[in-house]
Amino acid sequence: QVQLVESGGGLVQAGGSLRLSCAASGTFFSIDSMGWHRQAPGKQRELVALIISGGSTNYADSVKGRFTISRDSAKNTVYLQMNSLKPEDTAVYYCAADVKQGVLLTRAYWGQGTQVTVSS
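Along every chain, residues carry numbers that run from 1 in the direction the sequence is written. This being a predicted model, a pLDDT of at least 70 is required before a residue's local features are given, and a value of 80 or more before pairs of side-chain atoms are given or counted; all residues contribute to the totals for chains, interfaces and linings. Think of the side-chain values as coming from all heavy atoms in the structure, minus any hydrogens and water.

What to know about the state of the cysteines
Okay, so step 1: Note on terminology: disulfide denotes any pair of cysteine sulfur atoms within 2.5 Å. Applying the stated criterion across every chain, the model contains one disulfide.
Okay, so step 2: Across the disulfide from C22 sits C95; the S-S distance is 2.0 Å. Between C22 and C95, the S-S torsion sits near -80°, and that sign places the bridge as left-handed. Highlighted residues: C22 in strand β3 (residues 18-26) and C95 in strand β9 (residues 91-102), separated in sequence by 73 residues. In this pair, the class of C22 matches that of C95, namely buried. In this description a helix means any DSSP run of H or I spanning at least four residues, a strand means any run of E spanning at least two, and both kinds are numbered starting from the N terminus. Accessibility here uses a 1.4 Å probe with only protein chains present; expressed as a share of the type maximum, an area under 20% marks a residue as buried, one over 50% as exposed, and anything in between as partly exposed.

So this is what it looks like as structure tokens:
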């Protein structure tokens, strides 16, 4: 099994910054990709940022230029640096990872989420 634990959420004023962290632990061969999703009240969960093993990244249009995803492969940890935060960024942020646990076995795992609240 694999566990993902997020941290770094909190309350911040508009224009401020937060850095989220997500550490993966458990039994696996490698992590193919890690990403951040968010879900605001009454809205569907959406992909915020994604990073794959080769280093390629992808961002939602709403956060481009403000958020940066990075990964420390040695620590199996992914980060999301969030700058110029807006009230619209308020949501529960979830870490997700595609984890390789066998030659042909890759599973998706989710963290429990961390609350980010941006006040105006």
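Let us keep going from here.
What about the side chain of T77?
Okay, so step 1: Mapped onto the fold, T77 is located in strand β8 (residues 77-82).
Okay, so step 2: On the accessibility criterion, T77 (8% relative accessible area) is buried.
Okay, so step 3: Of the polar contacts made by the side chain of T77, one reaches the backbone oxygen of K75; its length is 2.9 Å.
Okay, so step 4: What makes two residues a contact is simply this: any of their non-hydrogen atoms within 4.5 Å. Those residues in contact with T77, other than ones at most four positions away along the chain, are C22, A23, M34, S70, R71 and D72. Side-chain atoms alone can form a polar contact between residues adjacent in sequence; in general such a contact is a pair of N or O atoms within 3.5 Å, and within protein one must be able to donate a hydrogen while the other accepts it.

Quick word on the pairing of β8
Okay, so step 1: In terms of burial, β8 is largely enclosed, as five of its six residues are buried.
Okay, so step 2: A pair of strands is treated as paired once DSSP finds two or more bridges between them. Linking strand β7 (residues 67-72) back to β8 in an antiparallel pair, the connection comprises four residues, with N76 at a positive phi of about 50°.

Quick look at the nonpolar core
Side chains of nonpolar character tend, in soluble globular proteins, to be buried together.
Okay, so step 1: To define a nonpolar core, start from buried Ala, Val, Leu, Ile, Met, Phe, Trp, Tyr and Cys residues and group those joined through side-chain atoms within 4.5 Å. In this structure, L4, M34, W36, L80, M82 and Y93 are the most contacted members of the largest nonpolar core, which totals 32 residues.
Okay, so step 2: Put simply, the parts of the chain that give this core at least two residues each are β1 (2-7), β3, β4 (30-39), β5 (46-52), β7, β8, β9 and β11 (114-119).
Okay, so step 3: In terms of residues, this core owes the most to one element, β9, which gives five residues.
Okay, so step 4: Contact partners of L4, with chain neighbours within four places excluded, come to C22, A23, A24, M34, C95, A96, A97, Y109, W110, G111 and Q112.

Some words on the packing of aromatic side chains
Here the distance between the centres and the angle between the planes together describe a pair of aromatic rings.
Okay, so step 1: Ring pairs are drawn from Phe, Tyr and Trp, using the six-membered ring of Trp, whenever the two centres fall within 6.5 Å, and their geometry is named by plane angle: stacked under 30 degrees, edge-to-face over 60, tilted for the rest. Under the definition given, this model contains zero aromatic pairs.
Okay, so step 2: The lysine or arginine in question, R45, covers the ring of Y94, its NZ or CZ lying 3.7 Å from the ring centre.
Okay, so step 3: Cation placement over rings: the criterion is NZ of Lys or CZ of Arg within 6 Å of the ring centroid and within 35° of the ring normal. In this structure, R45 is placed above the aromatic ring of W110, and the distance from its NZ or CZ to the ring centre is 4.9 Å.

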